[in-house]
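Architecture at a glance
Listed below, chain by chain, are the residues.
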Amino acid sequence: MTTTPAHKKYVATLCHMQNGELESYDSESLFAIDDAEAIRKATVWRVTAAATIDERTWLQVLLDGLAFHSEELGVS
């Protein structure tokens, strides 16, 4: 019998910078085996979730309520 690795529950959030802090405006729960897979899934999700990405938009990936990946979007 083959065992499969346990998937962890992550949260991907789209945020805007407001008053010097990132404020979430959209989020999605996702399951992944590791952080790298969670980042890949979050990147795919943000393409479909965000109608408009501007210079104030960030993608964050959280595990257990703590952001371990933060990426500024809409910059060249």
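Residues numbered from 1 in each chain as written. Predicted model: local features only at pLDDT ≥ 70, side-chain atom pairs only at ≥ 80, totals over all residues. Heavy atoms only, no water.

Notes on helix α1 (residues 35–49)
With 15 residues, α1 should cover 21 Å at 1.5 Å per step; its first-to-last C-alpha distance of 20 Å lies within 8% of that length. Every buried residue belonging to α1 is among Glu-37, Ala-38, Ala-42 and Trp-45, and all of these are buried. Taken around the axis of α1, the buried residues stretch over an arc of 130°, which confines them to a single face. With respect to the buried face of α1, the exposed residues turned more than 90 degrees away are Arg-40, Val-44 and Val-47. Turning to α1, the residues buried within the fold contact β1 (8–18), β2 (21–32), β3 (57–63) and β4 (66–72). (Helix = DSSP H or I, 4+ residues; strand = E, 2+ residues; numbered from the N terminus. Expected span 1.5 Å × (residues − 1). Buried < 20%, exposed > 50% of the residue type's maximum accessible area, 1.4 Å probe, protein only. Arc of directions from axis to C-beta. Contact = heavy atoms within 4.5 Å.)

Section: the pairing of β1
One ladder, built from 11 bridges, connects β1 with β2; its direction is antiparallel. Each residue of the ladder has a partner; that of Val-11, found in β2, is Ser-29. In textbook terms, the turn of a hairpin is the stretch between consecutive antiparallel strands, and for β1 and β2 this stretch comprises 2 residues, one of which, Asn-19, has a positive phi near 55°. Strand direction decides the pairing type here: β1 and β3, joined by 7 bridges, are antiparallel. Bridge pairing in β3 places His-16 opposite Thr-57. (Pairing = 2+ DSSP bridges.)

Details of the environment of Tyr-25
Looking at where Tyr-25 falls in the secondary structure, it is placed in strand β2. Taking relative accessible area as the criterion, Tyr-25 reaches 39% and is therefore assigned partly exposed. As a C-alpha pair, Tyr-25 and Cys-15 span 10 residues in sequence and 5.6 Å in three-dimensional space.

Comments concerning the packing of aromatic side chains
For the structure shown, the criterion picks out 1 aromatic pair. Taken together, a centroid distance of 5.7 Å and an interplanar angle of 65° make the contact between Tyr-10 and Phe-68 edge-to-face. A residue pair is termed long-range when its members are at least 10 positions apart, and Tyr-10 in strand β1 and Phe-68 in strand β4 qualify at 58 residues. For Tyr-10, a relative accessible area of 0% corresponds to the buried category. Exposure remark for Phe-68: the relative accessible area of 32% places this residue in the partly exposed category. (Phe/Tyr/Trp six-rings, centres within 6.5 Å; stacked < 30°, edge-to-face > 60°.)

Overview of the sheet that holds β4
Sheet strands pair by backbone hydrogen bonding; their relative direction is either parallel or antiparallel. One open sheet accounts for 4 strands, arranged β2-β1-β3-β4; its pairing is antiparallel. Where the open sheet ends on each side, the last strands, each with one partner, are β2 and β4. Across the sheet, the mean angle separating the axes of adjacent strands is 25° when strand polarity is ignored. Sheet contacts for α1: β1, β2, β3 and β4; angle to β2, the most-contacted strand, approximately 115°. (Axes fitted to C-alpha atoms, helices over the stretch in contact; angles between N-to-C directions.)

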